[in-house]
Amino acid sequence: MSSRERVLGRVRRALGPEREPQNDSSAVDRRYLREHGTRSPEQTVALLAENLAEYRALVHRTDLRGLPALLARLLAERGSRTVVVPPGLPPGWLPEDGPTRVHDAASLSPAQLDGTDSVVTGCAVAIAETGTLVLDGGPDQGRRRITLVPDHHLCVVRVPDQVVASLPLAMELLDPGRPLTWISGPSATSDIELDRVEGVHGPRTLEVVLVSEG
């Protein structure tokens, strides 16, 4: 008798003859809610902004025309002299006279990444109900490590196109074979005394720019 059979036998004896484990999975009701409530696209974006702020992310709003000036101002306020950029970051997002660009490349060492001041990326999808940004390593996002090592991450979200209400809706848009990074606010953890420490597992500061494409 295997260990599995021995354990299951004990379970059956404990349940008794009238409470045998059911093997018919069709009896389980799997009609789960796909989202909570009905919202307009504007309300969904507002909920995303609210939950991002709840996680201590800094949220900004602009349109495509104002994006370069806003990113330049945020990098200047941060005092960033170097910024990591993914290979497919749209060229018009960052001004030519801004911080020195460090291009994402396999040759970049952890020490070089740690020495950069900021990173600017896009995202794959943003989830309003959880305030979560998902990156999938796309051309405007780069490899996972460039968003985990620098201490300041500026993430651009195109609204409302990249915003969904819930996790189930987001999962339908994501490829599980890609390197998915799920971000809910800046990196933070707490010790046994609940003292919050930021920057342990990723950027200490997360700024999210919601860009209207209209």
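Before any of the text, the structure's been laid out above.
Residues numbered from 1 in each chain as written. Predicted model: local features only at pLDDT ≥ 70, side-chain atom pairs only at ≥ 80, totals over all residues. Heavy atoms only, no water.

1. Describing the overall build of the protein chain
Part 1: Assigned secondary structure in the protein chain consists of 5 helices and 12 strands.
Part 2: Against the compact-globule benchmark of 17 Å for 214 residues, the protein chain has a radius of gyration of 22 Å, which places it well outside the compact range.
Part 3: Referenced to the eigenvectors of the C-alpha coordinate spread, the extents of the protein chain come out at roughly 75 × 45 × 35 Å.
Part 4: A buried classification covers 40% of the 214 residues belonging to the protein chain.
Part 5: The long-range share in the protein chain, meaning contacts at least 24 apart out of those at least 6 apart in sequence, stands at 72%.
Part 6: Accessible surface, the protein chain: about 12600 Å² in total, of which carbon and sulfur atoms supply 52%.
Part 7: For the protein chain, the separation between the mean place of its 24 positive charges and that of its 29 negative charges on side chains is 6 Å. (Helix = DSSP H or I, 4+ residues; strand = E, 2+ residues; numbered from the N terminus. Rg over C-alpha atoms; globule rule 2.2 N^0.38 Å. Buried < 20%, exposed > 50% of the residue type's maximum accessible area, 1.4 Å probe, protein only. Contact = heavy atoms within 4.5 Å. Areas by Shrake-Rupley, 256 points an atom, 1.4 Å probe, with all protein chains shown as cover. Lys, Arg positive; Asp, Glu negative; His and termini not counted. Charge placed at Lys NZ, Arg CZ, Asp CG, Glu CD.)

2. Thoughts on unusual backbone geometry
Across the chain, the bulk of peptide bonds are trans and the bulk of non-glycine residues have phi less than zero.
Part 1: Looking along the chain, the bond that leaves V159 and enters P160 is cis, with omega of 0°.
Part 2: Its location among the elements puts P160 in the loop between β7 (152-159) and β8 (163-164).

3. Remarks on the pattern of salt bridges
Part 1: Following the criterion strictly, the structure yields 9 salt bridges and no others.
Part 2: R34 is the salt-bridge partner of E172, the closest N and O atoms lying 2.6 Å from each other. Taken together, the positions of E172 in the loop between α5 (167-171) and β9 (181-183) and R34 in the loop between α1 (3-15) and α2 (41-54) put the pair 138 residues apart, joining distant regions of the chain.
Part 3: Across the pair D151 and R204 runs a salt bridge, and its minimum N-O distance is 3.1 Å. With D151 in the loop between β6 (132-135) and β7 and R204 in the loop between β11 (196-198) and β12 (205-212), the pair connects residues that are 53 residues apart, well separated along the chain.
Part 4: On the basis of relative accessible area, D151 is assigned to the partly exposed category, the value being 24%.
Part 5: Linked by salt bridges that have partners in common, R78, D151 and R204 make up one network. (Salt bridge = Lys/Arg side-chain N within 4 Å of Asp/Glu carboxyl O.)

4. Notes on helix α3 (residues 67-78)
Part 1: Taking 1.5 Å per residue, 12 residues should reach 16 Å; α3 reaches 17 Å between its end C-alpha atoms and fits that length.
Part 2: Burial in α3 covers these residues: L67, L70, L71, L74 and L75. When α3 is viewed along its axis, its buried side chains cluster within an angular range of 130° and face the same direction. Of the exposed residues in α3, those oriented more than 90 degrees away from the buried face are A69, A76 and E77.
Part 3: For α3, the elements touching its buried residues are β1 (58-63), β4 (118-121), β7 and β12.
Part 4: A positive phi of about 75° marks G79, the residue just after α3. (Expected span 1.5 Å × (residues − 1). Arc of directions from axis to C-beta.)

5. What to know about the nonpolar core
Part 1: Counting residues in each nonpolar core, the largest one holds 19 residues, and the members touching the most others are L48, L133, V157, V163, V208 and L210.
Part 2: Where this core is concerned, the elements lending two or more residues are α2, β6, β7 and β12.
Part 3: The dominant element in this core, judged by the number of residues it contributes, is α2, at 5 residues.
Part 4: In contact with V157, other than residues within four places in its own chain, are C123, A126, L133, Q162, V163, V208, V209, L210 and V211.
Part 5: L67, L70, V83 and V156 belong to the second-largest nonpolar core, a separate cluster that totals 15 residues. (Core = buried A, V, L, I, M, F, W, Y, C linked by side-chain atoms within 4.5 Å.)

6. Comments concerning the layout of surface pockets
Gaps left between atoms show up when a probe the size of a water molecule is rolled over them.
Part 1: By volume, the largest pocket amounts to about 240 Å³.
Part 2: Taken together, 15 residues make up the lining of the largest pocket; nearest its centre are W182, I183, G185, S187 and H201.
Part 3: In terms of residue count, β9 provides more of the lining of the largest pocket than any other element does, 3 residues in total.
Part 4: Considering only residue class, the lining of the largest pocket consists of 7 nonpolar, 8 polar and no charged. (1 Å grid on protein atoms, 1.4 Å probe; cavity = no way out; pocket = protein on both sides within 12 Å on 5 of 7 lines; lining within 4 Å. Points joined across faces, edges and corners; volume = space filled by probe spheres on them. Nonpolar A, V, L, I, M, F, W, Y, C, P; charged D, E, K, R; others polar.)

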